[in-house]
Protein chains: 2
Amino acid sequence: MQVSELSRRSGVPIPTIKYYLREGLLPPGAATAATRAEYSEPHLRRLRLIRALLEIGELPVTSIKHIVSGLDDAAVGLHDLLGRVQYALGPQVSPPADDPDWQSADAEVTALIDDLGWIITPEAPARALLAGALVALHRLDSAPQGLGLREYAVEVSRVAALEVASVGGVPPEPPPGETASVADRTAVVESAVAGMVLYEQVLIALRRLAQEDASAAWFGGPG
Amino acid sequence: MQVSELSRRSGVPIPTIKYYLREGLLPPGAATAATRAEYSEPHLRRLRLIRALLEIGELPVTSIKHIVSGLDDAAVGLHDLLGRVQYALGPQVSPPADDPDWQSADAEVTALIDDLGWIITPEAPARALLAGALVALHRLDSAPQGLGLREYAVEVSRVAALEVASVGGVPPEPPPGETASVADRTAVVESAVAGMVLYEQVLIALRRLAQEDASAAWFGGPG
């Protein structure tokens, strides 16, 4: 398809498509004449992914570029690629230096990860995100006491394992040592991006709706 | 305690405390002389709540003011108060007018809520948050297919029911028609705020950590 049809089918204006091409977010089309290029279904899928990362994930263009360059580079392993996506997601929390509450929360996070036997890099931003929430919870006398951190973690890990296993329809038991094809790899990463960014929104929204319903039942409802 | 001790114990600078007093976020202390006021433990707790809402919840001051004014106004019911908190939380999503994908996603959200029998106001922002994520998911060919929306919702509602029941140590079966005391009510709302804002961060962080671990197991780990 030509760029005009790509624009029409994706809903992305032509100048924006040209910007993505210049920035390397979108791979060039196949040249059919000096000033013409032919685009195909992968371009359409990539455009929709970029829009979702921008509009739903609210990622900056530099982060999207880093993710997309990894997607196009077969030397970057799948686990590292998924890490690029996840580590780009906000909010980014910077621990204050020499704060004993933070050091204590950080130790709590490390102990939880060790206790569960999870494999997590030391630089994972989710460590600081979790520690920051724990610091704030510990400082509030009135934090809810009903659910423990470990119970939450076990509950969440079941969902996460299903999510990772379900991305892109990867077969449940891939042959060990076999290299996934480039197309499979693209599907896995695109699916993982959608899963990480969009299902996080789905979970947040569902939790809020479920809380409103539970509050209505508990505190007597609207009025 | 005097304002200097309030500042020291809360870690909030005195000029910031005075700003909160002027804005009505913090109730005035008891006047002990023309230029002196005495503050107590509730001030300390309120300050910590304000900081958590600002720094972790990232709420604007106007939203915090709306929440705090409801907290101090006994005429505002508990369910409405919890709604004020939740409806102030971002991200706020505005549906585009006349977009058939949005109308379809919105109908899907309404059908899910009806199907589950949840009691949710028509203006709940989480409806649009969920519909926006669904629109983006439907537009991606490669969205993960492993988990259905209803399964997520049922899973999440179990956690939400426990969370609402656990806020502030409310007894599991409060006598019907009985009015909670002002202190209990404050504890419920403060606890709910912490639960909504901070446990959302806890859940997001735990989900990301659990995904990293699941990805290491599935895709062969770091390296």
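This text gives an overview of the structure that appears in the document.

Cut-off values and rules
- Residues numbered from 1 in each chain as written.
- Chains lettered and ligands numbered in written order.
- Predicted model: local features only at pLDDT ≥ 70, side-chain atom pairs only at ≥ 80, totals over all residues.
- Heavy atoms only, no water.
- Helix = DSSP H or I, 4+ residues; strand = E, 2+ residues; numbered from the N terminus.
- Contact = heavy atoms within 4.5 Å.
- Areas by Shrake-Rupley, 256 points an atom, 1.4 Å probe, with all protein chains shown as cover.
- Buried area = accessible area lost by both parts, 1.4 Å probe.
- Salt bridge = Lys/Arg side-chain N within 4 Å of Asp/Glu carboxyl O.
- Polar contact = N/O pair within 3.5 Å; in protein donor to acceptor, adjacent residues only side chain to side chain.
- Least-squares fit on C-alpha atoms with pLDDT ≥ 70 in both.
- Core = buried A, V, L, I, M, F, W, Y, C linked by side-chain atoms within 4.5 Å.
- Buried < 20%, exposed > 50% of the residue type's maximum accessible area, 1.4 Å probe, protein only.
- Axes fitted to C-alpha atoms, helices over the stretch in contact; angles between N-to-C directions.
- Parallel < 35°, antiparallel > 145°, perpendicular 65-115°, else oblique.
- Left-handed = near helix turned anticlockwise from the far one by under 90°.
- Nonpolar A, V, L, I, M, F, W, Y, C, P; charged D, E, K, R; others polar.
- Phe/Tyr/Trp six-rings, centres within 6.5 Å; stacked < 30°, edge-to-face > 60°.
- Pairing = 2+ DSSP bridges.
- Lys, Arg positive; Asp, Glu negative; His and termini not counted.

**Brief notes about the overall build of chain A**
- Counting its regular elements, chain A contains 9 helices and 2 strands.
- Listed N to C, the secondary structure of chain A is α-α-β-β-α-α-α-α-α-α-α in terms of helices and strands.
- Considering only intrachain contacts with a sequence separation of at least 6, the fraction spanning at least 24 residues in chain A is 61%.
- For chain A, the exposed area adds up to about 10400 Å²; of that, 55% sits on carbon and sulfur atoms.

**A word on the interface of chain B and chain A**
- Taken together, the contacts link 89 residues of chain B with 89 residues of chain A.
- Of the roughly 8400 Å² buried where chain B meets chain A, counting both sides, 70% is carbon and sulfur surface.
- The interface formed by chain B and chain A contains 4 salt bridges.
- There are 18 residue pairs in polar contact (both at pLDDT 80 or more) connecting chain B and chain A.

**Focus: the relation of the copies chain B and chain A**
- Here chain B sits on chain A after a turn of 180° about the axis and a move of 0.0 Å along it, with an RMSD of 0.0 Å. Such a turn and shift between the copies fits a two-fold axis. Closest to the rotation axis within chain B is the C-alpha of Ile204(B), separated from it by 4.2 Å.
- A high fraction, 100%, of the interface residues of chain B reappear at the interface in chain A, so the copies pair face to face through one surface.

**A closer look at the nonpolar core**
- By size, the foremost hydrophobic cluster in this structure holds 140 residues, and its most contacted members are Leu130(A), Leu206(A), Leu130(B) and Leu206(B).
- Not counting the four nearest positions on each side in its chain, Leu206(A) is found in contact with Leu112(B), Trp118(B), Leu130(B), Leu149(B), Tyr152(B), Ala153(B) and Val156(B).

**Concerning the environment of Ala214(A)**
- Within the element layout of this structure, Ala214(A) appears in helix H9 (residues 182-219).
- As a C-alpha pair, Ala214(A) and Glu41(A) span 173 residues in sequence and 44 Å in three-dimensional space.
- Not counting residues up to four positions away in its chain, the partners in contact with Ala214(A) are Ala160(B), Ala161(B) and Val164(B).

**Quick look at the packing of helix H6 (residues 100-116) of chain A against helix H8 (residues 149-166) of chain A**
Residues and elements named next belong to chain A.
- Two elements in contact, H6 and H8, have axes separated by 11 Å at closest approach and are oriented at 50°. Between H6 and H8, the crossing angle belongs to the class labelled oblique. Between H6 and H8 the crossing geometry is right-handed. Between H6 and H8, the residues in contact are Glu108, Leu112, Asp115 and Leu116 and Leu149, Arg150, Ala153 and Val154, respectively.
- Each residue belonging to the contact of H6 with H8 can be placed in one class, and the counts come to 5 nonpolar, no polar and 3 charged.

**Re the environment of Asp114(A)**
Residues and elements named next belong to chain A.
- Among the secondary structure elements, Asp114 is positioned in helix H6.
- Owing to a relative accessible area of 56%, Asp114 belongs among the exposed residues under this scheme.
- For the pair Asp114 and Pro95, spaced 19 residues apart in sequence, the C-alpha to C-alpha distance is 21 Å.

**What to know about the packing of H6(A) against helix H7 (residues 125-139) of chain A**
Residues and elements named next belong to chain A.
- For the pair H6 and H7, interaxial distance at closest approach is 8 Å and the crossing angle is 120°. In terms of orientation, H6 and H7 fall into the oblique class. When you trace H6 past H7, the crossing you get is right-handed. Between H6 and H7, the residues in contact are Asp101, Trp102, Ala105, Asp106, Glu108, Val109, Thr110, Leu112 and Ile113 and Arg127, Ala128, Leu130, Ala131, Gly132, Leu134, Val135, His138 and Arg139, respectively.

**Some points on the packing of aromatic side chains**
- For the coordinates displayed, the defined rule picks out 4 aromatic pairs over all chains.
- Measuring from ring centre to ring centre gives 5.1 Å for Tyr152(A) and Tyr199(B), while their planes differ by 20°; the resulting arrangement is stacked. Pair noted here: Tyr152(A) is in helix H8 and Tyr199(B) is in helix H9 (residues 182-219), and the two residues belong to different chains. Across this residue pair, the class does not change: Tyr152(A) and Tyr199(B) are buried.

**Overview of the pattern of salt bridges**
- Within the structure shown, the criterion is met by 15 salt bridges over all chains.
- Here Glu5(A) ties to Arg8(A) by a salt bridge, and the two come within 4.0 Å at their closest N and O atoms. You can see Glu5(A) and its partner Arg8(A) sitting in helix H1 (residues 3-10), 3 residues apart, about one turn around the helix.
- Residue class for Glu5(A) comes out partly exposed when judged on its relative accessible area of 30%.
- A salt bridge links Arg207(A) to Glu200(B); the nearest nitrogen and oxygen atoms lie 3.7 Å apart. Note that Arg207(A) is positioned in helix H9 and Glu200(B) in helix H9, a pairing that runs across two chains.
- Residue classification places Glu200(B) among the buried positions, given a relative accessible area of 12%.

**Observations regarding the pairing of strand S1 (residues 30-33) of chain B**
All names here are of chain B.
- Inspection of the sheet shows S1 paired to strand S2 (residues 36-38) by 3 bridges, in the antiparallel sense. Each residue of the ladder has a partner; that of Ala33, found in S2, is Arg36.
- Counted between consecutive antiparallel strands, the loop separating S1 from S2 contains 2 residues.

**Points about the side chain of Asp213(B)**
- Along the chain, Asp213(B) turns up in helix H9.
- Of the buried charged residues, Asp213(B) lacks a salt bridge, with Arg127(A) as the closest side chain of opposite charge at 10 Å.
- In terms of polar contacts, Asp213(B) uses its side chain to reach the backbone amide nitrogen of Ile119(A), at 2.8 Å.
- Sequence-distant contacts of Asp213(B), defined by excluding residues within four places in its chain, comprise Gly117(A), Trp118(A), Ile119(A) and Ile120(A).

**As for the environment of Pro27(A)**
All names here are of chain A.
- You can see Pro27 is positioned in the loop between helix H2 (14-23) and strand S1 (30-33).
- Overall, the relative accessible area of 31% leaves Pro27 in the partly exposed class.
- Separated by 78 residues in sequence, Pro27 and Ala105 place their C-alpha atoms 44 Å apart.
- With sequence-adjacent residues up to four places away left out, Pro27 is seen in contact with Leu21, His43 and Arg46.

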